[in-house]
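Here is how the chains run, residue by residue.
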Amino acid sequence: MDRQRVVIVGGGVIGTMHALEGVRRGWEVVHLEADAGPRRASVRNFGLVWVSGRAAGEELELALRARELWEGTAAVAPGVGLRANGSVTVATDPAEVALMEEVAARPDADARELTVLDAGGVRVANPAVEGTVLGGLLCQRDAVVEPGAVLGALRAYLLEGDRYTWRPGRRAVEVAPGTVVDHLGEKHEGSLVIVCPGDAHGGLGGTIGAALARAPVRRCRLQMLETAPADRTVATSIADADSMRYYPGFDVRGRAGLPVPSEEALSFGMQLLLVQRAGGGLTIGDTHVYEEPFDFAVEEFLYDRLRARAEEILGWTLPPVVRRWAGVYSAATDSRMCLREEVEPGVVVITGLAGRGMTLSPAVAEETWREVSR
Ligand SMILES: Cc1cc2nc3c(=O)[nH]c(=O)nc-3n(C[C@H](O)[C@H](O)[C@H](O)COP(=O)(O)OP(=O)(O)OC[C@H]3O[C@@H](n4cnc5c(N)ncnc54)[C@H](O)[C@@H]3O)c2cc1C
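Analysis parameters
Residues numbered from 1 in each chain as written. Predicted model: local features only at pLDDT ≥ 70, side-chain atom pairs only at ≥ 80, totals over all residues. Heavy atoms only, no water. Pairing = 2+ DSSP bridges. Helix = DSSP H or I, 4+ residues; strand = E, 2+ residues; numbered from the N terminus. Axes fitted to C-alpha atoms, helices over the stretch in contact; angles between N-to-C directions. Core = buried A, V, L, I, M, F, W, Y, C linked by side-chain atoms within 4.5 Å. Buried < 20%, exposed > 50% of the residue type's maximum accessible area, 1.4 Å probe, protein only. Contact = heavy atoms within 4.5 Å. Near = heavy atom within 4 Å. Polar contact = N/O pair within 3.5 Å; in protein donor to acceptor, adjacent residues only side chain to side chain. Areas by Shrake-Rupley, 256 points an atom, 1.4 Å probe, with all protein chains shown as cover. Nonpolar A, V, L, I, M, F, W, Y, C, P; charged D, E, K, R; others polar. 1 Å grid on protein atoms, 1.4 Å probe; cavity = no way out; pocket = protein on both sides within 12 Å on 5 of 7 lines; lining within 4 Å. Points joined across faces, edges and corners; volume = space filled by probe spheres on them. Phe/Tyr/Trp six-rings, centres within 6.5 Å; stacked < 30°, edge-to-face > 60°. Expected span 1.5 Å × (residues − 1).

A look at the sheet that holds strand β1 (residues 5-9)
Two pairing modes exist for strands in a sheet, parallel and antiparallel, and in both the strands are linked by backbone hydrogen bonds.
Item 1. The six strands lie next to each other as β8-β2-β1-β12-β19-β18, forming an open sheet whose pairing is mixed. Two strands close off the open sheet at either side, each with one partner strand: β8 (164-168) and β18 (339-344). Between one strand axis and the next, the sheet turns through 15° on average, direction left out of account.
Item 2. Direction of pairing for β1 relative to strand β2 (residues 28-33): parallel, over a ladder of five bridges.

Some words on the nonpolar core
Item 1. Among the nonpolar cores identified, the biggest contains 41 residues, and Val 6, Val 80, Val 150 and Ile 194 are the most heavily contacted of them.
Item 2. Those elements that provide at least two residues to this core are β1, α1 (13-24), α3 (58-76), α7 (147-159), β8, β12 (192-195) and α12 (357-372).
Item 3. Once you skip the residues sitting within four places of it in the chain, Val 6 turns out to touch Trp 27, Glu 28, Val 29, Val 30, Leu 192, Ile 194 and Trp 369.

Some thoughts on the site of the ligand
Item 1. Around the ligand sit 35 residues, and of these Glu 33, Ser 42, Leu 48, Ala 354 and Thr 359 come closest.
Item 2. A distance of 3.3 Å separates an oxygen atom of the ligand from a polar backbone atom of Val 13.
Item 3. Separating an oxygen atom of the ligand from a backbone N or O atom of Arg 356 is a distance of 3.5 Å.
Item 4. In isolation the ligand offers 1,000 Å² of accessible surface; the protein chains occlude 96% of this area.
Item 5. Elements with a minimum of two residues in the shell around the ligand: α1, α2 (41-44), β13 (217-227), β17 (321-332) and α12.
Item 6. Within the shell around the ligand, the residues separate by chemical class into 17 nonpolar, eleven polar and seven charged.

Here's the deal with empty space enclosed by the protein
Item 1. Taken as a whole, this structure holds one cavity of 30 Å³ or more when the rule is applied.
Item 2. One number sums up the size of the largest cavity: a volume of about 40 Å³.
Item 3. Surrounding the largest cavity, Met 17, Leu 20, Glu 21, Arg 24, Leu 69, Thr 73, Pro 362 and Ala 365 form its lining.
Item 4. Only α1, α3 and α12 provide two or more residues apiece to the lining of the largest cavity.
Item 5. Counting residues per element, the lining of the largest cavity draws most heavily on α1, which supplies four residues.
Item 6. Of the residues belonging to the lining of the largest cavity, the class tally is five nonpolar, one polar and two charged.

Focus: the environment of Arg 5
Item 1. You can see Arg 5 is positioned in strand β1.
Item 2. Of the residues examined, Arg 5 reaches a relative accessible area of 31% and is grouped as partly exposed.
Item 3. Separated by 251 residues in the primary sequence, Arg 5 and Ala 256 place their C-alpha atoms 51 Å from one another.
Item 4. Setting aside its immediate chain neighbours within four residues, Arg 5 contacts Trp 27, Glu 28, Val 30, Glu 189, Gly 190, Ser 191 and Leu 192.
Item 5. Within the structure, Arg 5 has its side chain in polar contact with the backbone oxygen of Glu 189 (distance 3.0 Å).

Remarks on the side chain of Gln 271
Item 1. Of note, Gln 271 is situated in the loop between α10 (263-267) and β15 (273-276).
Item 2. Residue Gln 271 is classed as buried on the basis of its relative accessible area of 3%.
Item 3. Excluding its chain neighbours within four sequence positions, the residues that come into contact with Gln 271 are Asp 240, Asp 242, Ser 243, Tyr 246, Tyr 247, Gly 285, Asp 286, His 288 and Leu 306.

Concerning the packing of aromatic side chains
Item 1. Taken as a whole, this structure holds three aromatic pairs when the rule is applied.
Item 2. Summarising the aromatic geometry, the rings of Trp 27 and Trp 369 are spaced 5.1 Å apart at their centres and angled 65° between planes, so their arrangement reads as edge-to-face. Of this pair, Trp 27 sits in the loop between α1 and β2 while Trp 369 sits in helix α12, and the two are 342 residues apart along the sequence.
Item 3. Given a relative accessible area of 11%, Trp 27 falls into the buried group.
Item 4. Judged by centre distance (6.0 Å) and plane angle (45°), the ring pair of Trp 50 and Tyr 247 falls under tilted.

Focus: the sheet that holds strand β5 (residues 114-118)
Item 1. Pairing is mixed in the open sheet, where eight strands are placed in the order β5-β6-β4-β14-β15-β16-β13-β17. Of all the strands in the sheet, the pair left with one neighbour each is β5 and β17. Averaged over all neighbouring strand pairs, the angle between strand axes comes to 20°, with direction disregarded.
Item 2. One ladder, built from four bridges, connects β15 with strand β16 (residues 282-285); its direction is antiparallel.

A few points about α1
Item 1. Taking 1.5 Å per residue as the helical rise, α1 with its twelve residues ought to reach 16 Å, and the 16 Å between its terminal C-alpha atoms agrees with that figure.
Item 2. Burial analysis of α1 places eleven of its twelve residues in the buried class, the great majority of the element.
Item 3. Residues of α1 that are buried include every one of Val 13, Ile 14, Gly 15, Thr 16, Met 17, His 18, Ala 19, Leu 20, Glu 21, Gly 22 and Val 23, and no others.
Item 4. Just beyond α1, the residue with positive phi is Gly 26, at close to 90°.

Rendered as structure tokens:
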């Protein structure tokens, strides 16, 4: 019997997880990526597999399923670097502690493995936090992967079999049912086409281009940095309480009582997230800007603020910064988790996962395949 064949456009985490799920289901996969290797959101992120901030209900269910699937994926492709390190969101104001208590009293707190900590508890959970904190929220279901390694590890695993073909440096220029044409004029045929273009909303014409042009999606640009290896272990990922303004999991009554942030923090959508990489360096961010065209340069004063905030919480001087970058993600602006649309028979486009794409990618791929297999 002829194998079923899918052409997947986009080598980010969404495209790659769809490739993995396709191969698992016995399909032959041809995977096209415009760049020589993926260079966009999927390699520029924190690698947080973030359950704590997900909205109650469907989004949390999907995140919990994704968390489980990440474990299965790490078992076959350990290079993804999954660590079940948990996270601590730190509080420096009583209103922040009150919000954490409210969230930890909800029925889904056990599924998230949440515990409210006092200052001593924060230091037990993460002895690297030596600054003045009032308390924190521990989420033991949060985890982290290595964004610089995930895609390569998944592809290496896929290439061990005979059902996967990786074609980097091939930009899809025409997509139609059954066929994708790349910029070199080569045709790639399959009974199914899945397009995962990330933030390249305007990259394709035709039906896909039209669907993306009318879709409720926008782009967001974030600034990030990484330090040299720290000489100590930062046991959990760390968030400051500003993160509770943005993550929907904290959208409860007490959020209105949070202290008023600075004008600057508000206009750049600043929050502190900090992850220790497997090699010891610290990935620190972030900021959120939606207004386009985006600046081509990164703003140094924002890095100063992020570093100062991290040092305030950690209570020690950060190692020198060795890398700085900006990343852009695509975000659905309606109530959907992402944009997933069958724009023509057998042609599905999927993007818009915003700041949760790394987290949700395996579960989203599973859902897509379930839908197309019906
Ligand atoms: C700074 C930053 C931090 C983040 N932190 C986290 C986090 O910690 N946890 C989390 O869950 N999420 C996080 N996210 C979000 C997450 O990274 C994204 O949601 C996710 O990576 C999106 O994956 P993607 O595959 O859709 O897009 P991308 O990674 O952008 O990949 C799309 C790929 O498609 C290719 N492509 C586009 N058009 C074509 C074409 N015509 N032909 C061929 N190839 C094409 C592009 O070259 C690109 O490689 C973060 C995002 C950013 C920017």
